[in-house]
Amino acid sequence: MQNNKSISTWLFLICFMLLCMIALGGYTRLTGSGLSIMDWRPITGIIPPLSHAEWVREFDLYKTIPQYQILNNGFGLDGFKQIFWAEWSHRFLGRLIGLVLILPLIWFIYKKMITKQLALRLFIFFILGGLQGGIGWFMVHSGFRANSTAVEPVRLVLHLTCAIILYIAILWTALSLRHPVPNPLTQNPAIKFIKTLLKTDFILLLVTIVAGGFTAGTHAGHSFNSFPLMNGHLIPADYNRLSPFWLNWFENISTIQFNHRLLATFTGIMILITVMTGLKSSLDKATKDSFMAMGWAVLIQYALGVTTLLLVVPVWAGTVHQAFAIVLLTTVTIALHHMRKNKSLS
């Protein structure tokens, strides 16, 4: 049991680092920093430029891509350093997370502190983390194409989605180690209904975050900066201007933003209904507390979303909005974990 507590604490630390990683990823996107490093060197890339000549070399490489030529032409070496350090920090944190995962894992295995099943699961997480780095480069490389000043939205969403899946998997494992014995729940229709509501909330929230990724990737948040109407309309007039219709969901700015608004509103309402239903039920105090946290989190996140929109996506607001989406997802995951079936990882 003591081993479980130590291991879960370590995994919670990794979750916190992943949350910071996602927030920093949002910052690099908002500041246009993601294309500042022109190569992918998983090992040697940890060392930043150490001399003026090396900085000039990196800057000269950056000058060859469309982002510099179209958006940042003439902003100088000091300006380049600012965006370089943001992207370097993002990549450095990714490498650091890998080390914080694999080195203690080797130690725990050596000391026989974990089961083979858990060791295999954690090693898979390490492999997935490495693949996530490759997906990140796959995303960045799309921004080097002719006339491109940013990465492709689809690749951005893929990178974000994979990070979230890894985060949830590690968080669930940590929670299961910290609380190996589920709370006893009466299996009556009311409890089953609440479980169904929670699962629905979880899926809706994931879809909303993905829609937010497309909103970010297409810079849709810089248009229609009013709420709740969009240029005086509840539904934008050109919602279905592209053909075939499904293209609007990924390429039409007004459709992308409207869909994110609609999903966020519907998800928020569903979560609040779940919270009220759970608080009126016979659930234990710890579970009800997790529902309360979920309720407050969704209100804060919705307010952050509206604020980000009305202020035309300042860097600080966009970064906090993206990071707090993961905080909200965490509260929903914790609530789901409280209501899980009996299964132990110890």
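To start, this report covers the structure provided alongside it. (Residues numbered from 1 in each chain as written. Predicted model: local features only at pLDDT ≥ 70, side-chain atom pairs only at ≥ 80, totals over all residues. Heavy atoms only, no water.)

Counting secondary structure elements, the protein contains 11 helices and 0 strands. Helices (α) and strands (β) of the protein occur, in sequence order from the N terminus, as α-α-α-α-α-α-α-α-α-α-α. Whereas a compact globule of 346 residues would reach a radius of gyration of roughly 20 Å, the protein reaches 22 Å, a difference of no more than 12%. Taken over the C-alpha atoms alone, the protein extends approximately 65 × 60 × 35 Å along its principal axes. Sorting the 346 residues of the protein into buried and exposed places 49% on the buried side. Long-range contacts, defined as pairs at least 24 residues apart, comprise 76% of the intrachain contacts of the protein with a sequence gap of at least 6. Total accessible area computed for the protein in this model is approximately 17300 Å², and 70% of it derives from carbon and sulfur atoms. On the protein, the mean spot of the 26 positive side-chain charges and the mean spot of the 12 negative ones are 16 Å from each other. (Helix = DSSP H or I, 4+ residues; strand = E, 2+ residues; numbered from the N terminus. Rg over C-alpha atoms; globule rule 2.2 N^0.38 Å. Buried < 20%, exposed > 50% of the residue type's maximum accessible area, 1.4 Å probe, protein only. Contact = heavy atoms within 4.5 Å. Areas by Shrake-Rupley, 256 points an atom, 1.4 Å probe, with all protein chains shown as cover. Lys, Arg positive; Asp, Glu negative; His and termini not counted. Charge placed at Lys NZ, Arg CZ, Asp CG, Glu CD.)

This paragraph deals with the packing of aromatic side chains. Taken as a whole and assessed by the stated rule, the structure comprises 24 aromatic pairs. Between Trp107 and Tyr110, the ring centres sit 6.1 Å apart and the planes meet at 40°, which makes this aromatic pair tilted. Of this pair, Trp107 and Tyr110 both sit in helix α4 (residues 76-110), separated by 3 residues, roughly a single helical turn. When its relative accessible area of 47% is taken as the criterion, Trp107 is described as partly exposed. Its relative accessible area of 61% is what places Tyr110 among the exposed residues. Joined through ring pairs, the aromatic side chains of Trp55, Phe59, Tyr62, Tyr68, Phe75, Phe80, Phe84, Trp85, Trp88 and Phe92 make up one cluster. Stacked on the ring of Phe59, the Lys or Arg Lys63 has its end atom at 4.5 Å from the ring centre. (Phe/Tyr/Trp six-rings, centres within 6.5 Å; stacked < 30°, edge-to-face > 60°. Lys NZ or Arg CZ within 6 Å of the ring centre and 35° of its normal.)

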